Amino acid sequence: MMKKMIIGKNIVKSYGNGDEQRNVLDGVSVEINEGEFVSVMGPSGSGKSTLMFSLSGMDGIDRGKIVFEGMDISAVGDNELSNIRRTKMGFVFQQPTMLKNLNILDNIILPSMRGNRKNTAKITEKARALMKRVGIAGLEKRDIIQVSGGQLQRAGICRALMNNPKIIFGDEPTGALNSKSAHEIMDIFSEINANGTACMLVTHDAKIAARTERIMFMRDGKIVSELKLPKFDGKDIDGRVETVTVKMRDIGI
Amino acid sequence: MYFRIIRNDILRSKVITLTTMIFVSAAAMLVSLAAILIINLSGALDTLMTQAKTPHFMQMHSGEIDTARLKSFAEQHKNVEEYQVVEFLGMDGSEIILGDHSLSNSVQDNGFSVQNEKFDYLLDLNGNIINVSDGELYVPVTYMKEKTTSIGEKAIINGKEFTVAGFLRDSTMNSSLSASKRFLVSSNDFAEIKDLGSIEYLIEFRLKDFSEIGEFETAYASAGLEANGPSVTYTLFKTMNAISDGMMIAVILLVSALVVTIAFMCIRFTLLAKIEDDYREIGVMKAIGLRISDIKKIYLAKYASLAAAGSILGFIFSLMFQGMLLENIRLYMGEDENTSLAVSVGLIGILLVFISIVAFVNVVLNRFRKISAAQAIRFGSSQEMKPGAKHFSLSNNNLFTTNIFLGIKDVLARKKLYATSLVVLIISAFIMIVPQNLYNTISSKSFIQYMGIGDYDLRIQTSSSAKTDDIVTLIDSDSDISRYAVLTTKTFKLKTSNESEENIKVELGDHSAFPIEYSEGSAPSRDNEIALSTINADELNKKVGDVITMVIEGKEKDLTVSGIYSDVTNGGKTAKAVFIDNSAKAMWTIVCVELYNKSLVESKVSGFSNKFDFAKTSDIDEFVSQTLGSTISSIEMASYASIVVALVITVLVTLLFMKMLVAKDRYSIVIMKAIGFTISDIRAQYFSRSVFVLIVGIFLGTLLANTLGEVLAGVLISSFGASSFNFNVNPITAYLLSPLMMIFAVLISTMIGTSGTGKIKISENIKG
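Because the structure is a prediction, the values reported are computed rather than measured.

S.K.: Tell me about the packing of aromatic side chains, and please be specific about residues and values.
M.R.: Counted by the stated rule, this structure contains 21 aromatic pairs over all chains. With a centroid separation of 5.5 Å and 15° between ring planes, the pair formed by F91(A) and F169(A) is classed as stacked. Of this pair, F91(A) sits in strand β6 (residues 89–92) while F169(A) sits in strand β7 (residues 167–171), and the two are 78 residues apart along the sequence. Taken together through their ring pairs, the aromatic side chains of F57(B), F73(B), Y83(B), F205(B), F216(B) and Y220(B) make up a single cluster. Sitting over the face of the ring of F162(B), K160(B) holds its NZ or CZ atom 5.1 Å from the ring centroid. Over the aromatic face of Y565(B) sits the side chain of K576(B), whose NZ or CZ is 5.0 Å from the ring centroid.

S.K.: Mind laying out the interface of chain B and chain A, listing which residues take part and the relevant values?
M.R.: Chain B puts 41 residues into the contact, and the matching count from chain A is 40 residues. A buried area of about 3400 Å², summed over both sides, lies between chain B and chain A, and 57% of it is on carbon and sulfur atoms. Counting across the interface, chain B meets chain A through zero salt bridges. Run the count over chain B and chain A and you get six residue pairs in polar contact (both at pLDDT 80 or more). When contributions to the side of chain B that touches chain A are tallied by element, the ones reaching two or more residues are α12 (402–413), α18 (666–674), α19 (679–718) and α21 (762–765) of chain B. Its residues assigned to classes, the side of chain B that touches chain A comprises 17 nonpolar, 15 polar and nine charged.

S.K.: Can you lay out helix α6 (residues 213–222) of chain B for me, pointing to particular residues and giving the numbers?
M.R.: A turn of α-helix holds 3.6 residues, and therefore any two residues three or four places apart point the same way. All names here are of chain B. Taken residue by residue, α6 has I213, F216, Y220 and A221 as its buried positions. Mapping the buried residues of α6 onto a view down its axis gives an arc of 130°, with all of them on the same face. Positioned one or two residues after α6, G224 has a phi angle of 65°, which is positive.

S.K.: Can you explain the nonpolar core? Please cite residues and give values.
M.R.: Formed by 192 residues in total, the largest nonpolar core has its most connected members in L51(A), L55(A), I167(A), F189(A) and M200(A). Sort the elements by how many residues they give to this core and helix α7 (residues 234–277) of chain B lands first, with 18 residues. Beyond its immediate stretch of four places on either side in the chain, M200(A) contacts I32(A), V38(A), V40(A), L51(A), M52(A), L55(A), I167(A), I168(A), F169(A) and G170(A).

S.K.: Provide a residue-level description of unusual backbone geometry, including the pertinent values.
M.R.: All names here are of chain B. Not every positive phi belongs to a glycine, and D120 is a case in point at roughly 55°. With respect to the helices and strands, D120 occurs in the loop between β5 (109–113) and β6 (122–123). Take D120: its relative accessible area is 0%, and that puts it in the buried class. Phi is positive for N158, which is not a glycine, with a value near 50°. Tracing the backbone shows N158 in the loop between β8 (154–157) and β9 (160–170). For N158, a relative accessible area of 26% puts it in the partly exposed group.

S.K.: Please give an account of the sheet that holds strand β2 (residues 22–33) of chain A that cites residues and values.
M.R.: Residues and elements named next belong to chain A. Taken in spatial order, the four strands of this open sheet run β2-β1-β4-β5, and their pairing is antiparallel. The open sheet has two edge strands with one neighbour each: β2 and β5 (71–72). Where helix α1 (residues 48–55) meets the sheet, its contacts fall on β1 (4–15), β2 and β4 (63–68), and the angle it forms with β2 comes to roughly 60°.

S.K.: Before we move on, can you summarise the state of the cysteines with the specific residues and values?
M.R.: Residues and elements named next belong to chain A. Summed over all chains, the structure comprises zero disulfides over all chains. The thiol of C199 is not disulfide-bonded; the next cysteine sulfur, from C158, is found 14 Å away. Given the relative accessible area of 0%, C199 is considered buried.

S.K.: So what about the domain arrangement of chain B? Which residues, and what values?
M.R.: The domain architecture assigned to chain B consists of domain 1 (1–29 + 238–381), domain 2 (64–227), domain 3 (395–445 + 631–768) and domain 4 (465–614). The gap between the C-alpha centroids of domain 1 of chain B and domain 4 of chain B is 56 Å.

S.K.: Which residues make up a nonpolar patch on the surface, and what are the values?
M.R.: Residues and elements named next belong to chain B. A cluster of nonpolar side chains, namely I312, L313, I316, F317, M320, F321 and M324, defines an oily patch on the protein surface of about 660 Å² accessible area. Within the secondary structure, I316 is located in helix α9 (residues 292–333). Looking at I316, the relative accessible area reads 43%, which means it is partly exposed.

S.K.: Outline helix α8 (residues 279–287) of chain B, supporting the account with residue identities and numerical values.
M.R.: All names here are of chain B. Along α8, the positions that sit buried rather than exposed are Y279, I282, G283, M285 and K286. All buried residues of α8 project into a common sector of 160° when viewed along the axis, lining one side. Just downstream of α8, G289 is the residue with a positive phi angle, here 100°.

S.K.: Talk me through the pairing of β5(B); I want residue IDs and the actual numbers.
M.R.: Residue and element names in this part refer to chain B. With four of five residues buried, β5 is to be regarded as a mostly interior element. Bridge analysis of strand β2 (residues 80–90) against β5 gives two bridges, and the strand direction is antiparallel. Its bridge partner being in β5, G90 is matched across the sheet by G111. Inspection of the sheet shows β5 paired to strand β10 (residues 180–184) by five bridges, in the parallel sense. Bridge pairing in β10 links S113 to L184.

S.K.: Requested: an account of the side chain of S113(B), with residues and values cited.
M.R.: All names here are of chain B. Along the chain, the position of S113 falls in strand β5. One polar contact links the side chain of S113 to the main-chain carbonyl oxygen of E87, over a distance of 3.1 Å. Beyond its immediate sequence surroundings of up to four residues, S113 is in contact with V86, E87, F88, R182, F183, L184, V185 and F190.

S.K.: Quick rundown of the UniProt feature "transmembrane region" (unreviewed entry) in chain B? Include the residues and the values.
M.R.: According to UniProt, the feature "transmembrane region" (unreviewed entry) maps to residues 21–45, 247–271, 300–321, 341–365, 417–439, 637–658, 691–720 and 732–752 of chain B in the numbering used here. The span residues 732–752 of chain B is 100% helix and 0% strand, and its two end C-alpha atoms sit 29 Å from each other.

S.K.: Provide a residue-level description of the environment of D120(B), including the pertinent values.
M.R.: Residues and elements named next belong to chain B. Expressed as a C-alpha distance, the spacing of D120 and G607, which sit 487 residues apart in the sequence, is 42 Å. With residues up to four places along the chain from it excluded, the contact list for D120 reads A52, K53, P55, Q84, Q115, D170, S171, T172, R182 and E204. Polar contacts involving the side chain of D120 include one to the side chain of R182, which spans 2.9 Å.

What counts and what doesn't
Within any chain, residue numbers begin from 1 and follow the written order of that chain's sequence. Chains and ligands are labelled sequentially in the order written, the chains with letters from A and the ligands with numbers from 1. A pLDDT threshold of at least 70 governs which residues receive local features in this predicted model, and a stricter bar of 80 or more applies before side-chain atom pairs are shown or counted, although totals over entire chains, interfaces and linings include all residues. Note that water and hydrogens are dropped before the side-chain values are worked out from all heavy atoms of the structure. A pair of aromatic rings is counted whenever rings of Phe, Tyr or Trp (Trp by its six-membered ring) have centres within 6.5 Å, and the orientation is called stacked for planes under 30 degrees apart, edge-to-face for over 60 and tilted otherwise. Helix numbering and strand numbering both begin at the N terminus, where a helix is a DSSP run of H or I of at least 4 residues and a strand a DSSP run of E of at least 2. We call a charge positioned above a ring when the Lys NZ or Arg CZ atom is no farther than 6 Å from the ring centre and deviates by at most 35 degrees from the ring normal. Residue contacts are defined here by distance: any two heavy atoms, one from each residue, within 4.5 Å place the two residues in contact. Take the accessible area each of two parts loses on contact, using a 1.4 Å probe, and add the two losses: that sum is the buried area. The salt bridge definition used is simple: a Lys or Arg side-chain nitrogen within 4 Å of an Asp or Glu carboxyl oxygen. Under the rule applied, a polar contact is a pair of N or O atoms within 3.5 Å (in protein, one hydrogen donor and one hydrogen acceptor; residues adjacent in sequence only if both atoms are side-chain atoms). Just so you know the grouping, Ala, Val, Leu, Ile, Met, Phe, Trp, Tyr, Cys and Pro go in nonpolar, Asp, Glu, Lys and Arg go in charged, and all remaining residues, Gly too, go in polar. We call a residue buried when its accessible area falls under 20% of the maximum for its residue type, exposed when it is over 50%, and partly exposed in between, using a 1.4 Å probe and counting protein chains only. Arc definition: directions from the helix axis to the C-beta atoms. Nonpolar cores are built from buried Ala, Val, Leu, Ile, Met, Phe, Trp, Tyr and Cys residues. Side-chain atoms within 4.5 Å join them into one set. Between any two strands, at least two bridges found by DSSP are needed for them to pair. The convention used is that axes are lines fitted to C-alpha atoms, helices contributing only their stretch in contact, and that angles between N-to-C directions extend from 0 to 180 degrees. Disulfides are defined in this document as cysteine sulfur pairs within 2.5 Å. An automatic or database domain assignment provides the domain bounds reported here. Patches here are clusters of residues that have more than 30% relative accessible area and form no salt bridge, with a 9 Å joining cutoff for like charges and a 5 Å cutoff for nonpolar side chains (Val, Leu, Ile, Met, Phe, Trp, Tyr). The Shrake-Rupley method, run with a 1.4 Å probe, gives the accessible areas here. Residue values count only the displayed protein chains as cover. UniProt positions are given in the numbering used here, feature names are shortened, and annotations may be inferred rather than shown by experiment.

And the structure:
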């Protein structure tokens, strides 16, 4: 039995007020195990990104409870949440979220540098190793506008991995990339997951979701269905995609 | 459409719009005020001097007077229109008691006159020529302002009782720069008190053609007429009357230039930030075929309406405040008849401010040309940005904490943006420090060197040369006194290059006893040497080693200029020599005294004051503070005011910039938050940005204050007669307290300005 890392219970989150109030998350319950590779699918506005923001403590919730490694993160303060995000979580977004002023290397080491400048050499060494691993060695001193979108996304993954997170959240991490780059990025996620880090991806691309081992389908703020797949071993991707699309057709997404 | 865009934009950035508008309206108000004041001052001054028929030339003279000779001179000179000799009855302040106040502490030379018959009229506060009855006393308007007395009070002049019937405007002696003040009494009363004071004559002329005043002056001097005292022309009367309000106007103009600069900086900053914010939209507008001028119009419309609102507000404020600032002009010179002209000139000033803002915005908006539609849509931000300080990277940083590093890095990477706030902070530091240094210099003991006074403890001044010997005899036998010197000031004729004559005041005596500092050369030591004050040397165009020719004991004598020194006393026009002269009458004599025991100064001063009731004994510090007292206290006030102004500017601008930055950097802030930086981390980064800019600003501002500021202050001071001016800096206030106050102001406003960072939601600002 896998150990549960994140437990979300009856999460309600709404936007707007009065008559215009709308529940983006309408009583969602979800569990993510340690080392698990999950994805969330659903049409635009179904609440999948909001779920990710809530589970990672980036966005508060209105009702319900979220427990991360035994700690109720829906009840702790901003600073505590920041610490959890920095030390236990990694994030990769659709658009590269890098600071314009810093070069690629500095952007990558940034989350590790907070209150830790004595270890700069060690941290930098680690960043270089990660960059080599994802195939962007040599771009350290480049500005973020001097590299391609795929390279920037890899740099983003390096940044997410810097503090050895327990889980990496990816919000449409391949959404802005061509399919070749997208698959290369997914290979990196698979490799990360194989090394024991849990991954949670939000996507509406069946080809991406098909590489994960559990897919949650959302619609109108609720998880309407789930699909479990065996761990991806690099084979039969087409068959897995077919399974996912059939399931989507079944539930009408 | 414009209206909606503008309204939404203003609602979204209330603080920023408000701050910018405050600066715009302050700039507009100051420009308008300066314009209104200039028109009022010149109008009121002309009215006063026309109504009073101010003399074109006035020679003050004490001593014997030959009226027949003067009369024949006036009749023979073709340019003289009218001529009169006016008696001025000087009286010691202690003999004048107005209501409950005695004028014994007054630094003015108070005296009495009767109303003139031909010109130089003394006017009441409605501008009419006063007709004074027996027993009535009209008091100079200065004493109304100082609230020394009020109408209806009893006045006792040397035992004789008068009633204060009103206040008078005196077009020749109104100004605080004029040492004398005239009280008006009836002819009968004047005759009664005539023997109780000393008579001085005012020899006055009105000319047919004022433009030939120079020739007239020469003619008067060459004729060897009465000249034991200063002479003043119409132009100088005008300057003296205008100077205190003129200085105020100059200061207002200076401050308004500063505020206009700051308003421009604010607009530039907000506009640059806004363009960066709207980069994508601008690109889209370009892409769909809008012309640059169309896009510009949207932004111009916003700033034009902001400038218009600010200008209108500024105009209203200027109308509200003008009364306060015009008070002095109205009191001393009367109402200007052209109020509508003043208001319209004020409006023109404001229109200029408005137009220059719109033009400035137009120039800044030219950046639109550089925006590539394709890049803007693809990247949503300017790609031309060249992050500065490339070598300054986090991976090489061992010096700063990460938050401080990120703050400094941001400043270095966006120099253009921060340059704006840097300029404002430099200006703030500058206007904080310069007046402070100036005050410190003028009020310091060493400033005495600019006054042409040596280092002694007390001075006894008398205008009666006969009694000088009494003083000397007593002092010579006083065992508390270590040294003394007697310096007598006399007027001599000076031959100028074009063969005419001028008067020059020369202080005779032993100048080696209490040496002063010479900016060039040294003290006169031989009979044929003379030292000149800076202003005299400049006017006569003489340098050390040059020769001047003077008439001494009826004979022409050549004197070599041995030295040049600073002197701000007696209008800055003095000279020092050692030769003996027995012919010319002494204007005054000063006995300079040094004591063995400095703690005795006070008791000695009061002792000598009692013993020599005909002389004025003063402690040298007191003398300095009395002579420069009003200047020192107004500079002191100005230095406090400028500290407040500098701090207000610092707070407002920092607040504005921080608000702008937080709004602009939303995206970077949420990235930081997402990867685990706390709100306090992020605020620490903003603090280090402002402190970094501030430190550079303080450094440059202080540097500028001590270089450019010193030069500027030197120009001001040299107009009073001091040369080779150097700031006397109080390091604790200038280099410690002032920066601390600025740091405090910046920290507080950064704290307030960045309080919004906590409210920025990651999910709303990050596109997943």
